[in-house]
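# Structure at a glance
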Amino acid sequence: MIFAKKLILSSVFAIGAFGLIACGSDSKSSTEANQGTNPGEKMEIPTQKDANITVSELSSRIAGDDVRFKGQFGLDFVGDPEAQDSSFNIVFTNIEYEVGKGTDVNNMTKVGVTVNSNQILFPTQNSIDLNTMTSAYVSISLLDSGFTECGMYSLIVTLSAFDGDKEFKRTEVIPFERDAAEYCRTEDTTSQQPVKVEIPMTSCQVELSTNVNPGLSLSTCTAVPAGSPADITFSKAGTRNEPELAATTGAGVFVTPITNGDLPPYTDDYEVDMWPEDMNADRSPATAYVSDFKFKAIEGTQLTGMIQNANQIYVAKTAAYNAETGAGFFAFAITEPTEGNNGDYTFKVKVYRVQ
């Protein structure tokens, strides 16, 4: 698309700048990555990364047989003298997707698979979110016939923007994995693979307070009054100006924060408001599994900085812990903390336990 001058643009942007996606049944589009090119050819990945187009939180995760992508793109022209001019308009004008085999931008080959995404209406000044249903909502099916092998792949996202005089571009690469054990097994090896038995968990919620009911019974999901034995007892901590929340375990109970993966495909990146049952809605029924809560060892007896790390999920084990059945294993997290008088807190605890 060729744009004229700023004065002409201003009337166009007034109409379309804040529309983001098409509504209704036509809002989802499917784009064959690398359309018009030959899969297997070496890719030339653009290196231009205009700072005026910002990006944050790029990652990928597996949801059933789909890869979903996380990342937000925005427009940042702070410090540009023209940004103070009311006639100055900067908008996104296009977004393109490609899929490549590998993660090395200097040695990546083209893959002809379909990239599913919402249709975005351009031009727009709105930020573009790859993970949000009201924005781009990008996904790739790992069952797509364009995949001929397993291993590491990359989604290449290119954003274009225009200010009336100059075009800006930014290209980002998001790795993901097509797991060989899931999608490239031969008939012989499949018959030899043991069937993984998942242990489902249910969740409950209980309200506690550091000054009245600071204790938690994991097995019954109930609050325990001050002075009574509890599996976990919460207490106020920190300073008067910076109050905090801490926890200490009872006899035979150990705790630790969960350990999310730091490499794709990020199948275990769970936290408060990104619960396993919500992030894996394709499960039937949609529920959390013991295997969702990754940890290296459960050996701690104290937790600190729970307000500062309010999005953290923790795991606990009691003396009845059995790794095979999930007995004595729990996951929990603090939600809705409210500071009261004298640094005390009222809060809720979401608890996962084996059904």
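Data block above holds the structure.
Only a predicted model underlies this, so the values are computations on that prediction, with no experimental measurement involved.

A few words now on the packing of aromatic side chains. All chains considered together, the criterion is met by 10 aromatic pairs. For the pair Phe147 and Phe176, a centre-to-centre distance of 6.4 Å together with 80° between the ring planes defines the contact as edge-to-face. Here Phe147, found in the loop between β8 (139-141) and β9 (151-162), pairs with Phe176, found in strand β10 (residues 167-178); they are 29 residues apart in sequence, far enough to count as distant. Phe176 shares its class with Phe147; the two are buried. Ring centres of Tyr153 and Phe176 lie 5.8 Å apart, and the angle between their planes is 20°; this geometry places the pair in the stacked category. Here Tyr153 is found in strand β9, whereas its partner Phe176 is found in strand β10, with 23 residues between them in sequence. For the pair formed by Tyr153 and Phe176, the shared burial category is buried. Counting every residue linked through ring pairs, the aromatic cluster contains Phe69, Phe147, Tyr153 and Phe176. Stacked on the ring of Tyr153, the Lys or Arg Lys101 has its end atom at 5.0 Å from the ring centre. Just above the ring of Trp275 sits the side chain of Lys350; from NZ or CZ to the centre is 4.0 Å.

What follows concerns empty space enclosed by the protein. By the definition in use, this model includes one cavity of 30 Å³ or more. Taken as a whole, the largest cavity holds about 40 Å³ of empty space. In this structure, the largest cavity is lined by Arg61, Ile62, Tyr266, Thr267, Asp268, Asp269, Tyr270, Met279 and Asn280. Among the residues forming the lining of the largest cavity, the class breakdown is four nonpolar, two polar and three charged.

Across the sheet, five strands lie side by side as β13-β12-β14-β15-β18; this open sheet has antiparallel pairing. Edge positions in the sheet fall to β13 (222-224) and β18 (302-303), since each has one partner strand and no second. Bridge count for strand β15 (residues 243-249) against β18 is two bridges, and the pairing is antiparallel. Residue pairing across strands places Thr248 opposite Gln302, the latter belonging to β18.

Our focus in this paragraph is the state of the cysteines. Scanning the model with the defined rule gives two disulfides in all. Two residues, Cys150 and Cys184, share a disulfide whose sulfurs are 2.0 Å apart. Measuring the twist about the S-S bond at about 95°, one finds the Cys150-Cys184 disulfide to be right-handed. Of this pair, Cys150 sits in the loop between β8 and β9 while Cys184 sits in the loop between α2 (180-183) and α3 (187-192), and the two are 34 residues apart along the sequence. Linked covalently through their sulfurs, Cys204 and Cys221 form a disulfide whose S-S length is 2.0 Å. Across the disulfide from Cys204 to Cys221, rotation about the S-S bond amounts to roughly 115°, and the bridge is consequently right-handed.

Reading guide: rules and limits
Residues numbered from 1 in each chain as written. Predicted model: local features only at pLDDT ≥ 70, side-chain atom pairs only at ≥ 80, totals over all residues. Heavy atoms only, no water. Phe/Tyr/Trp six-rings, centres within 6.5 Å; stacked < 30°, edge-to-face > 60°. Helix = DSSP H or I, 4+ residues; strand = E, 2+ residues; numbered from the N terminus. Buried < 20%, exposed > 50% of the residue type's maximum accessible area, 1.4 Å probe, protein only. Lys NZ or Arg CZ within 6 Å of the ring centre and 35° of its normal. 1 Å grid on protein atoms, 1.4 Å probe; cavity = no way out; pocket = protein on both sides within 12 Å on 5 of 7 lines; lining within 4 Å. Points joined across faces, edges and corners; volume = space filled by probe spheres on them. Nonpolar A, V, L, I, M, F, W, Y, C, P; charged D, E, K, R; others polar. Pairing = 2+ DSSP bridges. Disulfide = S-S within 2.5 Å.

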